[in-house]
Every structure is written in C-alpha cells, then in structure tokens.
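These are the residues of each chain, in order.
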Amino acid sequence: FGAKQILQVGFGCLGYPLTQLNYHMGEDEITWVQKNISQKYRIRIENKIPVKFISSKKFLGPALKALLKNEILLIAGDGIGIKNHMEKGYRSYPFLGRSMLFPTGSYTMAKRTGASLLAVFAVRKGHRHTIFIDPPIDSCSGEQEAMKRYIKILERYVYRYPDLWEFWEEFEQGLLIEAHDISGEKDGSTFKLKTK
C-alpha cells in the first residue's frame, strides 16, 4: 500500500534490523516489459536498500530466526498473489464487497514465534511519506479473527486513500481472484481457484 520499499528505506535509515519476504516472478509469469524494465529496476533498487531479503520460494528458517531475535520482518498483506502459488497459505475473506484471497503467512509466523502482528502503511501526501503503524493485531484470537481485523484496517486505508492501493485492476471483469469452498467448511481451508 503506497510507495513500494519506502518502509524498508525508512526503517533501515533509522537503524532497525530488517528482513523482508519477497517474491520475484519467474520468466514464465511475467511479460517482456515486466522482465526487462520493472523487475530489472526493482531488483537494482532492492540491492541498495538496507534490508535482508528472503525469497518466499525458499526455506523460511531465516525469517523465523529474525523474529526470534526481535527484528522486524516485513510480509506483504495484500490479497493479491500469483495464482499457481495460492494453494498454500491463502484464505478467502470479504474485502470491499468482494471475496479475495489473502496470504495468512504473517499470522502463522506471529502465532509460532509470539511476535507482534502489526499492520503498517505508507501514505504519500505531495512529496512526503508518512508511515502509519496500527496497534498490534491479537494473534491469540485465531486466524480468522486476526485476518478479519487486518482486512478491516486495510479497507479503512483503501477507502481513505484509494489512489495509493495498486491492485484496483483485480476488480475488472474477469480478473478478480476468488476462492470457492469445495469442502463445505466455512473457514475456506480447502478451495479451488476460479477466475470470473
């Protein structure tokens, strides 16, 4: 939400030890422009930021160690992802009157390590950015309650600053990613992917 990587720059310049889970799409998942322009420059910028990046495609032990050492671990909380990676760790939740898939890895890691789960947003006003850190989300209340609380916070920021949320294209006809329960369970723990 807001300027990509501004959280890493801000916290890193203040001297906080930072680790971020990231995902760089494979060549078969991106267009020529994404590969040769946007991803190329993204990686170049990331290499200059004072943060340790851990690929979400690899072993996540270093991410857990960062939390156990009381370091900051950044994980994207948007309901957007790569379709063929969503079978693991995504759940369907109501969002802005639709049903979207949200990654639940941040909740799982907070629950496992006892780390605080914080929703953090970068808001741009003119040429300045403000970083908002919401109060901790209680991970002891269970995944559904924690995720619903996070999504309610995200909705508040999207309503207030709709121009800063970059995933509006997912609401176009044919692109909204939805989860359909095929097990009869209400928690959405088993689902298949379908695009409308």
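Residues numbered from 1 in each chain as written. Predicted model: local features only at pLDDT ≥ 70, side-chain atom pairs only at ≥ 80, totals over all residues. Heavy atoms only, no water.

## As for the overall build of the protein chain
Okay, step 1: A count of helical and extended segments in the protein chain gives five helices and nine strands.
Okay, step 2: Each helix (α) and strand (β) of the protein chain, taken in turn from the N terminus, gives the series α-β-α-β-α-β-β-β-α-β-β-α-β-β.
Okay, step 3: Residue burial in the protein chain is summarised as follows: out of 196 residues, 39% are buried.
Okay, step 4: The contacts in the protein chain between residues at least 6 apart in sequence include a share of 61% that link residues at least 24 apart.
Okay, step 5: Accessible surface, the protein chain as shown: approximately 11,900 Å² in total, 54% of it carbon and sulfur. (Helix = DSSP H or I, 4+ residues; strand = E, 2+ residues; numbered from the N terminus. Buried < 20%, exposed > 50% of the residue type's maximum accessible area, 1.4 Å probe, protein only. Contact = heavy atoms within 4.5 Å. Areas by Shrake-Rupley, 256 points an atom, 1.4 Å probe, with all protein chains shown as cover.)

## Considerations on the pattern of salt bridges
Okay, step 1: By the definition in use, this model includes three salt bridges.
Okay, step 2: When the shortest N-O distance is used, the salt bridge between Asp134 and Arg156 registers 2.7 Å. Of this pair, Asp134 sits in the loop between β7 (128-133) and α5 (143-160) while Arg156 sits in helix α5; the two residues are 22 residues apart in sequence, bridging distant segments of the chain.
Okay, step 3: Taking relative accessible area as the criterion, Arg156 reaches 42% and is therefore assigned partly exposed. (Salt bridge = Lys/Arg side-chain N within 4 Å of Asp/Glu carboxyl O.)

## Points about the packing of aromatic side chains
Okay, step 1: For the coordinates displayed, the defined rule picks out five aromatic pairs.
Okay, step 2: Taking 6.0 Å as the distance between ring centres and 85° as the angle between the ring planes, the aromatic pair formed by Phe11 and Tyr16 counts as edge-to-face.
Okay, step 3: You can call Tyr16 partly exposed: its relative accessible area is 44%.
Okay, step 4: The interplanar angle of 55° and the centroid separation of 6.1 Å between the aromatic rings of Phe132 and Tyr157 together place this pair among those described as tilted. Of this pair, Phe132 sits in strand β7 while Tyr157 sits in helix α5; the two residues are 25 residues apart in sequence, bridging distant segments of the chain.
Okay, step 5: Chaining the aromatic ring pairs together yields one cluster made of Phe95, Phe102 and Trp165. (Phe/Tyr/Trp six-rings, centres within 6.5 Å; stacked < 30°, edge-to-face > 60°.)

## Points about a nonpolar patch on the surface
Okay, step 1: Taken together, Trp32, Val33, Ile37, Tyr41 and Ile45 make up a surface patch of nonpolar side chains, about 540 Å² in accessible area.
Okay, step 2: As for its position among the elements, Val33 is in helix α2 (residues 32-46).
Okay, step 3: For Val33, a relative accessible area of 47% corresponds to the partly exposed category. (Patch = residues over 30% accessible without salt bridge, like charges linked within 9 Å, V, L, I, M, F, W, Y side chains within 5 Å.)

## A look at the sheet that holds strand β3 (residues 72-74)
Okay, step 1: Ordered by their spatial adjacency, three strands build an open sheet running β2-β1-β3, and the pairing between neighbours is parallel. Bordering the open sheet on either side are β2 (52-55) and β3, each of which pairs with just one other strand. Between one strand axis and the next, the sheet turns by 25° as a mean value, whatever way the strands run.
Okay, step 2: Two elements, strand β1 (residues 18-22) and β2, share four bridges in a ladder whose sense is parallel. Following the sheet pairing, Asn22 is matched in β2 by Ser55.
Okay, step 3: Helix α3 (residues 61-68) rests against β1, β2 and β3 of the sheet, and its axis sits at about 140° to β2. (Pairing = 2+ DSSP bridges. Axes fitted to C-alpha atoms, helices over the stretch in contact; angles between N-to-C directions.)

## Structural notes on the side chain of Ser55
Okay, step 1: With respect to the secondary-structure elements, Ser55 resides in strand β2.
Okay, step 2: When sequence neighbours within four positions are dropped, the list of residues in contact with Ser55 reads Asn22 and Leu60.

## Things to note about the environment of Ser56
Okay, step 1: Looking at the secondary structure, you find Ser56 in the loop between β2 and α3.
Okay, step 2: Spatially, the C-alpha atom of Ser56 lies 5.7 Å from that of Tyr23, the residues being 33 residues apart in sequence.
Okay, step 3: Residues within four places of Ser56 in sequence aside, it is in contact with Asn22 and Tyr23.

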